[in-house]
Amino acid sequence: MKRLLDCTASDFLNMTGQDLKQSIRASEGRTMLAETMATVPPLYPDVTNAELTASFGADLLLFNVFDVFNPEVMGFTPSNPAQVIHEIKRLTGRPVGLNLEPVDLNAEQIETLDQIDRGRIASDEALAQAKSLGFDFICLTGNPKTGVTNVEITNAIQRARRTFGSDALIIAGKMHGAGVTSETGTGIISESALDAFIDAGADVILMPSPGTVPGITTEDAQKYVSYVHSKGALAMLTIGTSQEGADESTIRQIALAAKMAGADIHHIGDAGFYGIAVPENIMTYSTTIRGRRHTYVRMARSINR
């Protein structure tokens, strides 16, 4: 199995979720994931935001605010909407994933919560539809003000594993409080929650990067990443607090801290500009964790290779 950072578009074609997991593991902390909002007009009108993040060095592309029952990616209109994800994969040569939100109706709210469309909630029906659309991985997490809890994430992991089997990679966890009183700051993560996620079938555990959430230090992150690794899962450390729009020096600091903590996947969020990270910050992050060689090759490699 090739390391993910060396994979070509053709390598991704027949990868199962477990193949993808092994390829990420072999890359030793040099896998870059970028998130974009599917419903936001692209930063530049000639390409989708997903294509733009791929061109700046992202290995994995993650769609946020995507309604599986009304599939749409702003900036690209396929003749058949049901083929939109297959078409984005064809255009970018990258694995493409989806955020679905395990909303907990009984969550203790720290703020007024948003109403979430049913096509974004991690129900059995939405998961089945996500599978039919062709997503390569599912990320079970919460946007701000959604009321997503660790308990509901665990339930959603079980539903996702039943739906996808080994066909897709399952990522799960929280990058911020998501509007829940008891799960902010250091309360976002606990060993009991990590155990529950892994036992339910998660391949990758999502956690905040050091310096992104109050109280999450490099030492804390390293402790939890080591725990996740001891259980056979991978770790994705995230920038989900709009710092994807910070200056490049801050991006380098976060990237190095996440690398020192042991991240297998490095995530950059979608709120640098509205709906996408600052593109230069994707490249800066990528160059920080794997140097110019792998970053520039990823940026330059044709999808026809």
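Residues numbered from 1 in each chain as written. Predicted model: local features only at pLDDT ≥ 70, side-chain atom pairs only at ≥ 80, totals over all residues. Heavy atoms only, no water.

(A) Quick peek at the pairing of strand β3 (residues 96-100). Most of β3 sits inside the fold, with five of its five residues counted as buried. Burial of the side chains of β3 extends over both faces: V96, L98 and L100 are buried on one face and G97 and N99 on the other. As paired strands, strand β2 (residues 60-64) and β3 are joined by three bridges and run parallel to one another. Counterpart to F63 in the pairing with β3 is L98. Chirality of the crossover, the property in question, places the unit of β2, helix α4 (residues 84-92) and β3 among those that are right-handed. Sheet topology note: the β3/strand β4 (residues 137-140) ladder contains four bridges and is parallel. (Buried < 20%, exposed > 50% of the residue type's maximum accessible area, 1.4 Å probe, protein only. Helix = DSSP H or I, 4+ residues; strand = E, 2+ residues; numbered from the N terminus. Pairing = 2+ DSSP bridges. Right-handed = clockwise from strand over helix to strand, strands pointing away.)

(B) Representation of the pairing of strand β7 (residues 234-239) in the model. Among the six residues of β7, six are classified as buried, and the element is accordingly described as predominantly covered. Side-chain alternation along β7 places L234, M236 and T238 on one buried face and A235, L237 and I239 on a second face that is also buried. Assessed by its sense of winding, the connection that carries the chain from strand β6 (residues 204-208) through helix α8 (residues 218-230) to β7 is right-handed. In the sheet, β7 pairs with strand β8 (residues 265-268) via four bridges, with the strands oriented parallel. For I239, the partnering residue across the bridge sits in β8 and is I268. The parallel pair β7 and β8, bridged by helix α9 (residues 248-261), forms a crossover whose chirality is right-handed.

(C) Expanded view of the packing of α8 against α9. For the pair α8 and α9, the least separation of the axes is 8 Å and the interaxial angle reads 40 degrees. Our classification of the angle between α8 and α9 gives oblique. For α8 against α9, the interelement crossing comes out right-handed. Contacts from T218, A221, Q222 and V225 in α8 reach A257, M260 and A261 in α9. Classifying every residue of the contact of α8 with α9 gives five nonpolar, two polar and no charged. (Axes fitted to C-alpha atoms, helices over the stretch in contact; angles between N-to-C directions. Parallel < 35°, antiparallel > 145°, perpendicular 65-115°, else oblique. Left-handed = near helix turned anticlockwise from the far one by under 90°. Contact = heavy atoms within 4.5 Å. Nonpolar A, V, L, I, M, F, W, Y, C, P; charged D, E, K, R; others polar.)

(D) View of the environment of S132. Take S132: it is sitting in helix α5 (residues 124-133). By relative accessible area, S132 is classed as partly exposed at 48%. Distance from S132 to S10, taken between C-alpha atoms, is 21 Å for residues 122 residues apart in sequence. Polar side-chain contacts of S132 include one of 2.7 Å to the backbone oxygen of Q129. (Polar contact = N/O pair within 3.5 Å; in protein donor to acceptor, adjacent residues only side chain to side chain.)

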